[in-house]
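Single-letter residue listing:
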Amino acid sequence: MKKTAIIALFLISRYTFSQTYSIPAESPRQTVEQQFSISSVKVDYGRPGVKGRKIFGDLVPYGKVWRLGANSCTKITFGQAVVFGKTTVPPGTYALFAIPSEKEWKIVLNKDFSQWGAFQYDEKLNIAEIAVPVQKNPEKQEWFEITVEPVSSSVVHLIFRWDDVKTILPIEIADTETVAKIADKLKEAKKIEFEARKKP
């Protein structure tokens, strides 16, 4: 009986340990989400490190499709219709790829967001693209990073930083007139809710 209790205690301790601790991934996954107009934009991506390597033009070759991160492809989710480049894109989840060159990156939205890396990248599934200039990153960035930064109520910037390179991708809402009407209605609803809470 005592032996059984000791074994049970050991198994419980081992299970608890395995649930609490884990070995860090080589390229940890990260999700960033930002309120954007009347919904949000969300990005899910892998974060590779420089680790002493030459990145652009070597590890990430120029003129070839890159997954914009590591491991499974980078996914972006829009909660409302947006303008990506010159294309209006409906709400939904898409894969985000880049074709880097020394002076600019062509950033592409693709329908197949379930693929690993860019090994099955199919140009026929592209729905929008935009070329953005390469900028010098003021400080070297060890881990690849994507941030979503609000510029106004209708525009956000996706900012990509890695090593000594930075690029900025502007995204704006489509149909600003309809969105403004919805926003007004939401404000009215919040006001009604606030007034209702004040009543005894």
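Quick look at the structure, then. Model, not experiment: these values are computed from the prediction. (Residues numbered from 1 in each chain as written. Predicted model: local features only at pLDDT ≥ 70, side-chain atom pairs only at ≥ 80, totals over all residues. Heavy atoms only, no water.)

A few points about the side chain of Gln141
Its place among the elements puts Gln141 in strand S9 (residues 135-150). For Gln141, the contacting residues outside a window of four places in its chain are Arg47, Val50, Arg161, Trp162 and Asp163. (Helix = DSSP H or I, 4+ residues; strand = E, 2+ residues; numbered from the N terminus. Contact = heavy atoms within 4.5 Å.)

A closer look at the environment of Glu149
Locating Glu149 in the fold gives a position in strand S9. The class of Glu149 is partly exposed, set by a relative accessible area of 34%. Once the C-alpha coordinates of Glu149 and Ile168 are considered, the two residues, 19 residues apart in sequence, prove to be 10.0 Å apart. Residue contacts for Glu149: discarding those within four places in its chain leaves Val156, His157, Ile159 and Arg161. (Buried < 20%, exposed > 50% of the residue type's maximum accessible area, 1.4 Å probe, protein only.)

Notes on the environment of Gln115
Structurally, Gln115 is set in the loop between strand S7 (104-110) and strand S8 (126-133). Given a relative accessible area of 3%, Gln115 falls into the buried group. Separated by 42 residues in the primary sequence, Gln115 and Cys73 place their C-alpha atoms 6.1 Å from one another. Ignoring anything within four residues of it in the chain, the contact list for Gln115 reads Ser72, Cys73, Phe97, Asn110, Gln120 and Tyr121. From its side chain, Gln115 meets the backbone oxygen of Asp112 in a polar contact 2.9 Å long. (Polar contact = N/O pair within 3.5 Å; in protein donor to acceptor, adjacent residues only side chain to side chain.)

Examining the packing of aromatic side chains
Applying the stated criterion across every chain yields a total of 11 aromatic pairs. Relative to Tyr121, the ring of Phe97 lies with its centre 5.1 Å away and its plane at 70°, an arrangement referred to as edge-to-face. With a gap of 24 residues between them, Phe97 in strand S6 (residues 92-100) and Tyr121 in the loop between S7 and S8 connect regions that are remote in the sequence. The class for Phe97 is buried, based on a relative accessible area of 1%. An aromatic cluster of at least three residues, connected via ring pairs, comprises Tyr45, Phe56, Trp66, Trp105, Phe144, Phe160 and Trp162. (Phe/Tyr/Trp six-rings, centres within 6.5 Å; stacked < 30°, edge-to-face > 60°.)

A short note on the pairing of strand S1 (residues 29-36)
Sheet topology places S1 next to strand S2 (residues 39-46); eight bridges connect them, and they run antiparallel. Each bridged residue has a counterpart across the sheet, and for Gln34 the counterpart in S2 is Val41. (Pairing = 2+ DSSP bridges.)

As for the pattern of salt bridges
With the rule as written, the count across this model stands at seven salt bridges. In this structure, Asp164 and Lys136 form a salt bridge, with 3.1 Å as the shortest nitrogen-oxygen distance. Taken as a pair, Asp164 in strand S10 (residues 155-173) and Lys136 in strand S9 lie far apart in primary sequence, 28 residues in all. The partner of Arg161 in a salt bridge is Glu145, and the shortest N-O contact between them spans 3.8 Å. With Arg161 in strand S10 and Glu145 in strand S9, the pair connects residues that are 16 residues apart, well separated along the chain. Sharing partners across several salt bridges, the network here consists of Arg29, Asp44 and Lys75. (Salt bridge = Lys/Arg side-chain N within 4 Å of Asp/Glu carboxyl O.)

Digging into unusual backbone geometry
As a rule of thumb, non-glycine residues mostly have phi less than zero, and peptide bonds are mostly trans rather than cis. One non-glycine residue with positive phi stands out, namely Lys51, at about 55°. For Lys51, the location among the structural elements is in the loop between S2 and strand S3 (74-78). Even without being a glycine, Asn71 presents a positive backbone phi close to 60°. Among the secondary structure elements, Asn71 is positioned in the loop between S2 and S3. The partly exposed category is assigned to Asn71, whose relative accessible area is 30%.

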